[in-house]
Amino acid sequence: MAHCPFDFFTDGKKHNICLVGGGGKTTVMYELAAAGAVCGRRVLVLTSTHILRPADGSFAADVPAVQNLWQQGRYAVIGTPELSTGKLTAPPSGLYNELQPQVDVILCEADGSRHKPCKAPAAHEPVLLPDCDMVLAVAGMDALGNSLQQACQRPQLAAALLGCSSDSVIDEQMLAALLLSEQGSRKNVGARAYYIVLNKCDLIKAAQQEEMLRLLVGEGIDERKIWLRERGDSKC
């Protein structure tokens, strides 16, 4: 069964959640979408940048197709097909606006990382939806022990933010700083609720997990808003 450690789907409220950062946003987004559908919520998945078009039949081209998926107890994915890449870009505004009043939870991938575990956003990033009320930042724990150049998208920006070189090896303090900085994953979050997914925790030692938690909680992040996610969590 799909898993969600947060209360997105059980608090009875409508939510518009944007995912940013690196390290497996798309996987996390679909896992959350499946968890929401299991809870009986009408979940809509989309991007403000680019995502791969799903091959499981969850893509819906119009309002009736979306409603049909919801009636089946599934989540629906909308977007504009990009023929040259096979990916989806942002959905047509008319389709989004028509569905918005009907949906319980929107999940939007609002940032790209080119499969790097972590990143520093460029001037035009992230592309948060105007009605977004929550931001969920994802970071891959496989960044630890690798250099910014190896494991971070836009390593020069990250190096400038952290006050080091792009050859510096990423440790817990550096990764936490990227997640906590308003020039990092918290960029443009403002008053929105902020959640963190530490992805691929099975690749690091328990002491490293504890150190990441200590650093994040020490800077005011509620521990209940941090998910220590291991690969395969979607099967639990």
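Reference entry: report on the structure contained in this document. (Residues numbered from 1 in each chain as written. Predicted model: local features only at pLDDT ≥ 70, side-chain atom pairs only at ≥ 80, totals over all residues. Heavy atoms only, no water.)

## Overview of the overall build of the protein chain
Part 1 of the argument: When helices and strands are tallied, the protein chain shows seven helices and 12 strands.
Part 2 of the argument: For 236 residues, the compact-globule estimate of 2.2 N^0.38 gives 18 Å, and the protein chain sits close to it at 17 Å.
Part 3 of the argument: Its C-alpha atoms give the protein chain principal-axis dimensions of roughly 50 × 35 × 30 Å.
Part 4 of the argument: For the protein chain, the residues scored as buried account for 53% of the 236 residues in total.
Part 5 of the argument: Of all intrachain contacts in the protein chain linking residues separated by at least 6 positions in sequence, the fraction that spans at least 24 positions is 73%.
Part 6 of the argument: Summed over its atoms, the accessible surface of the protein chain is roughly 10,600 Å², and 50% of this surface lies on carbon and sulfur atoms.
Part 7 of the argument: Distance between charge centres in the protein chain, computed from 23 positive and 26 negative side chains, equals 3 Å. (Helix = DSSP H or I, 4+ residues; strand = E, 2+ residues; numbered from the N terminus. Rg over C-alpha atoms; globule rule 2.2 N^0.38 Å. Buried < 20%, exposed > 50% of the residue type's maximum accessible area, 1.4 Å probe, protein only. Contact = heavy atoms within 4.5 Å. Areas by Shrake-Rupley, 256 points an atom, 1.4 Å probe, with all protein chains shown as cover. Lys, Arg positive; Asp, Glu negative; His and termini not counted. Charge placed at Lys NZ, Arg CZ, Asp CG, Glu CD.)

## Focus on the packing of helix α6 (residues 172–180) against helix α7 (residues 206–218)
Part 1 of the argument: Where α6 meets α7, the axes come as close as 9 Å, and the angle between the chain directions of the two elements is 40 degrees. Classified by the interaxial angle, the pair formed by α6 and α7 is oblique. Both α6 and α7 take part in a crossing whose hand is right-handed. Contacts from E172, Q173, L175, A176, L179 and L180 of α6 reach α7 at Q208, E211, M212, L215 and L216. (Axes fitted to C-alpha atoms, helices over the stretch in contact; angles between N-to-C directions. Parallel < 35°, antiparallel > 145°, perpendicular 65-115°, else oblique. Left-handed = near helix turned anticlockwise from the far one by under 90°.)

## What about the environment of L175?
Part 1 of the argument: Relative to the helices and strands, L175 is located in helix α6.
Part 2 of the argument: Linking L175 and M141, residues 34 residues apart in sequence, is a C-alpha distance of 8.7 Å.
Part 3 of the argument: The residues touching L175, leaving out its near neighbours within four places in the chain, are C118, A139, G140, M141, L144, I170 and M212.

## Overview of the nonpolar core
Part 1 of the argument: If you look at the biggest cluster of nonpolar residues, it comprises 53 residues, and the most contacted ones within it are L44, M141, I170, L179, L198 and L216.
Part 2 of the argument: At six residues, α6 tops the list of elements feeding residues into this core.
Part 3 of the argument: Ignoring any residue separated from it by four or fewer positions in sequence, one finds L198 in contact with A139, M141, L179, M212, L216, I226, W227, L228 and R229.
Part 4 of the argument: Counting 27 residues, the second largest nonpolar core, distinct from the first, contains L32, A35, V105 and M134. (Core = buried A, V, L, I, M, F, W, Y, C linked by side-chain atoms within 4.5 Å.)

## Examining the sheet that holds strand β6 (residues 87–89)
Two pairing modes exist for strands in a sheet, parallel and antiparallel, and in both the strands are linked by backbone hydrogen bonds.
Part 1 of the argument: The sheet built from three strands is open, its strands ordered β3-β6-β5 with antiparallel pairing. Every interior strand has two partners, whereas the edge strands, β3 (51–52) and β5 (80–82), have only one. (Pairing = 2+ DSSP bridges.)

## Some details on the sheet that holds strand β4 (residues 76–77)
Part 1 of the argument: With parallel pairing, the seven strands of this open sheet are ordered in space as β4-β2-β7-β1-β9-β11-β12. Both outer strands of the open sheet, β4 and β12 (226–228), are each paired with one neighbouring strand and no more.
Part 2 of the argument: Pairing analysis gives seven bridges linking strand β9 (residues 134–140) to strand β11 (residues 193–199), with the strands arranged parallel. Note that in β11 the partner of V138 across the bridge is V197.
Part 3 of the argument: Lying over the sheet, α7 contacts β11 and β12, oriented at roughly 175 degrees with respect to β12.

## Here's the deal with the packing of aromatic side chains
Part 1 of the argument: Applying the stated criterion across every chain, the model contains six aromatic pairs.
Part 2 of the argument: Here the aromatic rings of F6 and W227 are separated by 6.1 Å at their centres, their planes lie at 90 degrees, and the arrangement is edge-to-face. Placement of F6 in the segment before β1 (15–21) and of W227 in strand β12 is noted, with a sequence separation of 221 residues between them.
Part 3 of the argument: Following the ring pairs from residue to residue traces out a cluster consisting of F6, F8, F9, Y195 and W227.
Part 4 of the argument: Its end group placed over the ring of Y195, K225 keeps NZ or CZ at 5.3 Å from the ring centre. (Phe/Tyr/Trp six-rings, centres within 6.5 Å; stacked < 30°, edge-to-face > 60°. Lys NZ or Arg CZ within 6 Å of the ring centre and 35° of its normal.)

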